[in-house]
Amino acid sequence: MKPMKEILLLIYMIVMSMSVFGQKQILSVFPNPAETTLVKGRFILTSATKIYVDNLETSGRDAELFNEYLLKYYSFSLDISVSQRYDSNAIIIRTITEQDMPDDAYRLDVSNGFIIIEGKGAGVFYALQTLIQMLPPYKTDVFKLQRIKIYDYPQYKWRGMHLDVCRHFFTVEEIKKYIDHISFYKMNVFHWHLTDDQGWRIQIDKFPKLTSIGGYRNGTLIGHAKDTVKKYDTIRYGGYYTKEQIRDIVAYAERRHVMIVPEIEMPGHSLAALSAYPEYSCTGGPFEVAKSWGVFEDVFCTKDKTIHFLEDVLSEVMDLFPGKYIHLGGDECSKVRWEKCPECRKVMKREGFKNTGQLQHYVMRTIGKFVSSKGKTIIGWDEILEEKLSPGAVVMAWHGDSVATAAANLKHDVIMCPTDYCYFDYYQGDSITEPLAIGGNTTLEKVYSFDPAPKKITPEQRKYILGGQGNVWTEYISDFKQLEYMVFPRMIALSEVLWSKTENRAYESFDRRLQKHVSLLDMYRVNYRRLNK
Ligand code: TNX
């Protein structure tokens with residue numbers, strides 16, 4: 001028998017180690033912050049806690065969003081004011097411009113009587129996302145927060161999520177929710193794929209038929225495009241965003257420090273536009289908005305008339321989106337029609353081209369020049385590398401390392417989204433038990449193992465890798481519930497890959513933190529894929 005004192009000491013040590021374990025568990029923040037120090041003690045946040053900001057227009061707006069969040073999930077909000085003198089029991093928020101701090105960095109100090117937040121750029125907003133993730137996953141009006149010091153900043157500046165709203169349409173409310181999800185994990189780009197064969201989704205005043213005709217299809221494929229017998233329903237399907245709705249969404253995203261990159265596809269994936277305006281094709285049509293998925297042979301003709309049409313469309317698009325980038329697509333363009341088209345032949349002769357592949361480059365370069373003349377930067381899928389890259393074009397590398405390295409070598413910025421790691425339309429588990437998807441197999445662990453820097457890249461080329469993004473093509477994603485299922489939790493893994501330092505990343509710790517984090521997702525009623533226990 002051990003003496004009583006020893007037993008008591010043993011019990012004390014077990015209890016202490018449990019509480020330390022408990023403290024560690026508290027910090028299930030995604031993406032994992034750069035530097036974290038746990039301090040003994042707690043900060044008690046209640047409805048009496050006050051927020052002091054240095055500026056109502058900048059940090060004040062971030063604080064308001066924090067309040068909206070508190071109100072939504074905990075039914076109370078805090079008093080916000082500008083002040084130089086602080087009572088204790090307060091959150092003090094300051095925007096800083098320190099030169100030696102990385103862009104969008106922040107400090108979050110949950111200390112005795114105060115929570116102090118300092119952020120550069122979007123840093124204050126990010127600090128508040130970290131704080132939010134530390135709050136309890138149930139409704140209460142007393143938060144016992146672990147004291148902690150965090151210094152945090154991103155590794156990559158492009159941390160994006162893409163969404164295809166053409167194959168299936170998502171409402172304004174759903175798009176806003178998607179933006180909420182993106183910004184919650186400190187991601188900062190929403191790549192909005194607005195036009196494709198199966199639907200044109202953006203109002204263009206000069207060409208109203210783009211949406212009235214191109215916005216709707218007369219049925220949709222049932223099952224998989226690879227099924228031997230193709231079956232379709234006969235339900236008219238579609239929708240589009242008005243300019244007013246788009247402006248509203250742009251402002252919504254801006255408040256959450258998310259830049260929207262609109263994509264207008266050309267010269268391929270353009271059947272919806274051609275159904276509305278067949279005169280911009282090679283054959284004159286008629287065409288039907290596509291009901292199935294894949295690559296179609298009817299694409300924009302390369303004649304001047306079509307180029308002018310595209311420029312007019314883009315002028316209206318550029319007016320709507322204040323961001324620096326316009327995505328012009330450029331992927332998967334069939335050359336079959338161009339081969340036989342007298343108008344395309346004329347362009348080839350005039351430009352001295354030997355093959356139709358050069359026409360693809362011609363469209364991207366001509367339109368690219370137009371877009372650049374308006375002060376914007378163009379982005380294209382990596383097929384734009386095939387002939388010659390347009391000046392200043394950013395390459396979205398979906399085919400992986402070799403195209404990315406080639407583009408970086410030419411001193412072009414690159415966004416990484418290789419299919420194997422970043423395609424969230426791919427299966428995330430056994431295709432027999434998962435809901436129908438396009439194919440592939442991209443598990444959570446696989447996404448977590450993604451390294452945005454291509455394998456054989458030199459330090460010089462590496463500077464051109466802006467970051468990466470998850471792509472969500474929606475052929476087999478017909479509603480928001482399924483969208484969340486495909487995105488969660490893989491997007492969380494990607495957010496960490498793009499934000500956190502490589503040395504702070506280990507799958508086991510990620511998995512452990514995630515087990516805890518999902519209780520927050522339950523509170524938000526996110527339809528995430530259950531974790532493997
Ligand atoms: C390829 S990725 C496409 C899309 C499809 C996707 C399905 C890219 C630039 N083009 O049109 O939806 O595969 O995964």
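Structure shown above.
Chemist: How would you summarise the sheet that holds strand β3 (residues 79–82) if you had to cite specific residues and measurements?
Modeler: Backbone hydrogen bonds hold the strands of a sheet together, and the pairing may be parallel or antiparallel. With mixed pairing, the seven strands of this open sheet are ordered in space as β1-β7-β5-β6-β4-β2-β3. The two strands at the open ends of the sheet, each matched to only one other strand, are β1 (35–46) and β3. Geometrically, the sheet is characterised by an average inter-axis angle of 20° between neighbouring strands, direction not taken into account. For strand β5 (residues 106–110) and strand β7 (residues 142–152), the ladder comprises five bridges, and the chain directions are antiparallel. In the sheet register, Tyr106 faces β7, and the bridge partner there is Asp152. On the sheet, helix α2 (residues 59–74) packs against β2 (50–53), β3, β4 (90–95) and β7 and is oriented at approximately 160° with respect to β2.

Chemist: Could you give an account of the site of the ligand, with specific residues and numbers?
Modeler: Taken together, Arg167, His269, Asp331, Glu332, Trp381, Trp398, Tyr423, Asp425, Ile438, Trp473 and Glu475 are the residues near the ligand. Between the ligand and Arg167 there is a distance of 2.8 Å, counted from an oxygen atom to a side-chain nitrogen or oxygen. Here a nitrogen atom of the ligand sits 2.8 Å away from a polar atom, N or O, in the side chain of Asp331. Within the shell around the ligand, the residues separate by chemical class into five nonpolar, one polar and five charged.

Chemist: Run through the packing of aromatic side chains, naming residues and quoting values.
Modeler: Counting across every chain of the model gives 36 aromatic pairs. Relative to Tyr280, the ring of Phe207 has its centre 6.4 Å away and its plane inclined at 90°; by these criteria the two rings are edge-to-face. Placement of Phe207 in the loop between β11 (199–200) and α5 (209–212) and of Tyr280 in the loop between α7 (271–276) and α8 (304–320) is noted, with a sequence separation of 73 residues between them. Pair check on accessibility: Phe207 and Tyr280 agree, each one buried. Ring plane angle 40° and centroid distance 6.2 Å describe the contact between Tyr277 and Tyr280, whose orientation is recorded as tilted. Judged by its relative accessible area of 7%, Tyr277 is buried. Here the aromatic cluster, defined as three or more aromatic residues joined through ring pairs, consists of Tyr69, Tyr73, Tyr74, Phe76, Phe143, Phe184, Tyr185, Phe488 and Tyr524.

Cut-off values and rules
Residues numbered from 1 in each chain as written. Predicted model: local features only at pLDDT ≥ 70, side-chain atom pairs only at ≥ 80, totals over all residues. Heavy atoms only, no water. Pairing = 2+ DSSP bridges. Helix = DSSP H or I, 4+ residues; strand = E, 2+ residues; numbered from the N terminus. Axes fitted to C-alpha atoms, helices over the stretch in contact; angles between N-to-C directions. Contact = heavy atoms within 4.5 Å. Near = heavy atom within 4 Å. Polar contact = N/O pair within 3.5 Å; in protein donor to acceptor, adjacent residues only side chain to side chain. Nonpolar A, V, L, I, M, F, W, Y, C, P; charged D, E, K, R; others polar. Phe/Tyr/Trp six-rings, centres within 6.5 Å; stacked < 30°, edge-to-face > 60°. Buried < 20%, exposed > 50% of the residue type's maximum accessible area, 1.4 Å probe, protein only.

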